[in-house]
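This is what each chain is made of:
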Amino acid sequence: MTSMAPARTQTDLSFLLDHTSHVLRGRMTAALAEIGLTPRMHCVLVHALEDERTQIQLAELGDMDKTTMVVTVDALEKAGLAERRPSSRDRRARIVAVTEEGARVAARSQELVDGVHAAALGSLPDDQREALVRALNTLVAGHLATPPEAPAQARRARERRK
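The model shown is predicted, which means the values in this text are computed figures rather than measured ones. (Residues numbered from 1 in each chain as written. Predicted model: local features only at pLDDT ≥ 70, side-chain atom pairs only at ≥ 80, totals over all residues. Heavy atoms only, no water.)

As a further point, take the side chain of Thr72. Mapped onto the fold, Thr72 is located in helix 4 (residues 66-78). The contact partners of Thr72, leaving out residues within four places of it in the chain, are Arg40, Met41, Val44 and Met64. (Helix = DSSP H or I, 4+ residues; strand = E, 2+ residues; numbered from the N terminus. Contact = heavy atoms within 4.5 Å.)

This part covers the packing of helix 1 (residues 13-33) against helix 5 (residues 100-122). Direction vectors running N to C along helix 1 and helix 5 enclose 145°, while the axes themselves pass 9 Å from each other. Every pair of crossing elements has a handedness; the one defined by helix 1 and helix 5 is right-handed. In this structure, helix 1 contributes Leu24, Arg27, Met28, Ala31 and Leu32 to the contact, and helix 5 contributes Ser109, Leu112, Val113, Val116, His117 and Ala120. Taken together, the residues of the contact of helix 1 with helix 5 sort by class into 8 nonpolar, 2 polar and 1 charged. (Axes fitted to C-alpha atoms, helices over the stretch in contact; angles between N-to-C directions. Left-handed = near helix turned anticlockwise from the far one by under 90°. Nonpolar A, V, L, I, M, F, W, Y, C, P; charged D, E, K, R; others polar.)

Two faces, one strand: in a regular strand the side chains alternate between the faces of the sheet. Burial analysis of strand 2 (residues 94-98) places 4 of its 5 residues in the buried class, the great majority of the element. Relative to strand 2, strand 1 (residues 82-86) runs antiparallel, the two being bridged by 5 bridges. Within strand 2, the position partnered with Arg85 by the bridge is Ile95. (Buried < 20%, exposed > 50% of the residue type's maximum accessible area, 1.4 Å probe, protein only. Pairing = 2+ DSSP bridges.)

This part takes up the nonpolar core. Residues Leu37, Val44, Leu45, Met69, Leu76 and Val96 are the most contacted members of the largest nonpolar core, which totals 24 residues. Contributing elements (two or more residues each) for this core: helix 1, helix 2 (39-50), helix 3 (55-61), helix 4, strand 2 and helix 5. (Core = buried A, V, L, I, M, F, W, Y, C linked by side-chain atoms within 4.5 Å.)

The next subject is the environment of Leu124. Position of Leu124 among the secondary structure elements: in the loop between helix 5 and helix 6 (126-141). The contacts of Leu124, once residues within four sequence positions are left out, are Arg129 and Leu132.

Moving on, we get to the packing of helix 2 against helix 5. Two measures define how a pair of helices packs: the angle their axes make with one another and the distance between the axes. Between helix 2 and helix 5, the least distance of the axes is 9 Å, while the angle of their chain directions is 115°. Where helix 2 crosses over helix 5, the two elements pack in a sense that is left-handed. When helix 2 is examined against helix 5, the residues His42, Leu45, Val46 and Leu49 are found in contact with a partner set consisting of Gly102, Ala103, Val105, Ala106, Ser109, Gln110 and Val113. Taken together, the residues of the contact of helix 2 with helix 5 break down into 7 nonpolar, 4 polar and no charged.

Once that is clear, we can look at the UniProt feature "domain: HTH marR-type" (unreviewed entry) in the chain. Here, the residues flagged by UniProt with the feature "domain: HTH marR-type" (unreviewed entry) are residues 10-141. Secondary structure across residues 10-141 divides into 70% helix and 8% strand, with the first and last C-alpha atoms of the span separated by 22 Å. (UniProt positions renumbered as here; feature names shortened; annotations may be inferred.)

What follows deals with the confidence of the model for the chain. Across the chain, the average pLDDT comes to 92, with 92% of residues at or above 70. Ranking the helices and strands of the chain by mean pLDDT puts helix 5 first, with 98, and helix 3 last, with 93. (pLDDT = per-residue confidence, 0-100.)

Let us now look at a nonpolar patch on the surface. Taken together, Leu13, Leu17, Leu132 and Leu136 make up a surface patch of nonpolar side chains, about 300 Å² in accessible area. Residue assignment for the nonpolar patch shows that the elements contributing at least two residues are helix 1 and helix 6. With a relative accessible area of 44%, Leu13 lands in the partly exposed category. (Patch = residues over 30% accessible without salt bridge, like charges linked within 9 Å, V, L, I, M, F, W, Y side chains within 5 Å. Areas by Shrake-Rupley, 256 points an atom, 1.4 Å probe, with all protein chains shown as cover. Salt bridge = Lys/Arg side-chain N within 4 Å of Asp/Glu carboxyl O.)

Time to look at the pattern of salt bridges. Throughout the structure, instances matching the rule amount to 10 salt bridges. A salt bridge links Arg84 to Glu77, with the shortest nitrogen-to-oxygen separation between them at 2.4 Å. For Arg84, a relative accessible area of 21% corresponds to the partly exposed category. One salt bridge in this structure joins Glu111 and Arg108, with 3.1 Å as the shortest N-O distance.

Given below as structure tokens:
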């Protein structure tokens, strides 16, 4: 039987990026689990330490929806790593403030994250490592900087109840 699949004319970049991202996320998740964090918790702690930020700002930085952000901050509060406080810049806003223990855990989690990245990049020869990082930075800053707007989903009309 012959294949009816169309011939590829380009490398399947989507597969390569998706696969490496999937494996990298899995390794990151496993490394952070050793200290009781998730990648999202790590992301919130690190970004909240950089500057006074609201949950909405942190959600945008971490590419999280509001519900996921609330659950993540709730978990950080329960663990004693962060707390919601009034903003010093805008009394109407509340920020996510990292506790002293949270800052200590964030420093450790960043070491783990850096280790996962170093191991992945360290598996490449120096010249390939530098070329890969340069190429990815070029894509992120250029052609793939902004995702396209998703088309609006067509909604089915509700059926009238009888």
